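Architecture and fold: a report
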Amino acid sequence: FKVVLAVRAALVEEEAGEAGAAIAALETHETAVADARPAFREAARRAARDAAQRAGRRVQCDCDDDVQCDGLTSSSFERRVFENLLRVDVNAIALGPDACGLAPRVASMFNHSCLETATHYATWHDDDDAAVVVFRAVADIAAGDEVTICYLGEADLARPTAERRRILAASKHFVCECARCGDAGLDRRATAVGTERTDVVGAAESDFERAERRHPDGRAAVAVGV
């Protein structure tokens, strides 16, 4: 589904409207991916070639510098699909256990925190099957406070700070400096959720008990005005 999403994003870019410009503005982190995850980059290149071939849009570069352009022209459909696969890897948000989406003007603007103050889920309009991403608070948020979400899955979120930072550095290309990662005591208490009965756990459970809706992936969301 990530390849399908990258192809759809490339088609939107071709329309040269505001939505395409918003997608193109998302970072690809191509240099960082080439250095840290060469196997993933090569897989993305192969997937882009295959997608372009299937769409009848295979475009070969006519220059001699394969190092700089990797055989793809910057204006080719194949190149756009490749770049969007990198964008999806970094910027896509989960829409359930088996789907993800790009919302470059909204969702991708949320910074990460290992103690997020909001979470999200997707809902679909029955009339046009359009997806709508809904964000809900999972903590009290004062006016002017930054609203953050978590880029990690539940399993990775339960890992110690060093492991969470390693995962985020490899997949999202930044070193997390959130409150939880910067406070060893807070991290130990937060990691204890589900395994120990602590005041922090109790506070979290009281928030979850106020949840008005449960996400498709099982995470609770608290309806708090923001």
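Here, every reference points to the structure presented above.
These lines cover the structure that appears in this document, whether it is placed above or below.

**As for the overall build of the protein chain**
Along the protein chain, the regular secondary structure elements total ten helices and eight strands. By residue count, 42% of the 226 residues in the protein chain fall in the buried class. Looking at the protein chain alone, contacts between residues at least 24 apart form 58% of all its contacts between residues at least 6 apart. Surface exposure of the protein chain reaches about 12700 Å², of which carbon and sulfur atoms provide 50%.

**Things to note about the environment of S113**
Locating S113 in the fold gives a position in the loop between β3 (111-112) and β4 (118-124). On a C-alpha basis, the gap between S113 and L152 in space is 9.2 Å, while along the polypeptide they are 39 residues apart. Here S113 is in contact with T148, I149, C150 and C178, once residues within four sequence places are set aside. At 3.0 Å, the side chain of S113 and the backbone nitrogen of L115 are in polar contact.

**Some thoughts on the state of the cysteines**
A covalent bond between the sulfur atoms of two cysteines is what we call a disulfide. All told, the structure shown has zero disulfides when counted by the stated rule. In this structure C150 is not part of a disulfide, and its nearest cysteine sulfur, from C114, lies 5.6 Å away. Relative accessible area serves as the criterion here: at 9%, C150 is assigned to the buried category. C176 forms no disulfide, and the closest cysteine sulfur to it belongs to C178, at a distance of 3.5 Å. Taking the relative accessible area as the measure of exposure, C176 reaches 2% and is therefore buried.

**What to know about unusual backbone geometry**
Even without being glycine, H29 reaches a positive phi, approximately 55 degrees. Looking at where H29 falls in the secondary structure, it is placed in the loop between α2 (18-25) and α3 (30-36). The class of H29 is partly exposed, set by a relative accessible area of 22%. With a phi close to 65 degrees, H173 is a non-glycine residue in the positive phi region. Topologically, H173 is positioned in the loop between α8 (161-171) and α9 (184-191).

**Considerations on α8**
Those residues of α8 that fall on the buried side of the exposure criterion are T161, R164, I167, L168 and S171. For α8, the buried positions fall inside an angular range of 130 degrees around the axis, keeping them on one side. Facing away from the buried side of α8 by more than 90 degrees, the exposed set consists of A162 and R166. Once α8 finishes, H173 follows within two positions and takes phi at roughly 65 degrees, a positive value.

**Observations regarding the side chain of E13**
Its location among the elements puts E13 in helix α1 (residues 2-14). Salt bridges are absent for the buried E13, whose nearest opposite-charge side chain, R87, sits at 4.1 Å. Ignoring anything within four residues of it in the chain, the contact list for E13 reads G20, I23, A24, R80, N84 and R87.

**Let's talk about the packing of α1 against helix α6 (residues 77-91)**
Here α1 crosses α6 at 125 degrees, and the two axes come no closer than 8 Å. Relative to α6, the element α1 is oriented oblique. For the element pair α1 and α6, the recorded crossing hand is right-handed. Across the interface between the two elements, K2, V3, L5, A6, V7, A9, A10, L11, E13 and E14 of α1 pack against F77, R80, V81, N84, L85, R87, V88 and D89 of α6. Considering only residue class, the contact of α1 with α6 consists of eleven nonpolar, one polar and six charged.

**Quick look at the packing of α1 against α2**
It is at 7 Å that the axes of α1 and α2 come closest, and there the two elements cross at 125 degrees. Considering their axes alone, α1 and α2 lie oblique with respect to each other. In the crossing of α1 with α2, the sense of the turn from one axis to the other is left-handed. Facing α1, whose interface residues are A9, V12 and E13, α2 presents A19, G20, I23 and A24. Each residue belonging to the contact of α1 with α2 can be placed in one class, and the counts come to five nonpolar, one polar and one charged.

Procedures and definitions
- Residues numbered from 1 in each chain as written.
- Predicted model: local features only at pLDDT ≥ 70, side-chain atom pairs only at ≥ 80, totals over all residues.
- Heavy atoms only, no water.
- Helix = DSSP H or I, 4+ residues; strand = E, 2+ residues; numbered from the N terminus.
- Buried < 20%, exposed > 50% of the residue type's maximum accessible area, 1.4 Å probe, protein only.
- Contact = heavy atoms within 4.5 Å.
- Areas by Shrake-Rupley, 256 points an atom, 1.4 Å probe, with all protein chains shown as cover.
- Polar contact = N/O pair within 3.5 Å; in protein donor to acceptor, adjacent residues only side chain to side chain.
- Disulfide = S-S within 2.5 Å.
- Arc of directions from axis to C-beta.
- Lys, Arg positive; Asp, Glu negative; His and termini not counted.
- Salt bridge = Lys/Arg side-chain N within 4 Å of Asp/Glu carboxyl O.
- Axes fitted to C-alpha atoms, helices over the stretch in contact; angles between N-to-C directions.
- Parallel < 35°, antiparallel > 145°, perpendicular 65-115°, else oblique.
- Left-handed = near helix turned anticlockwise from the far one by under 90°.
- Nonpolar A, V, L, I, M, F, W, Y, C, P; charged D, E, K, R; others polar.

Read these as spatial facts, not as claims about activity.
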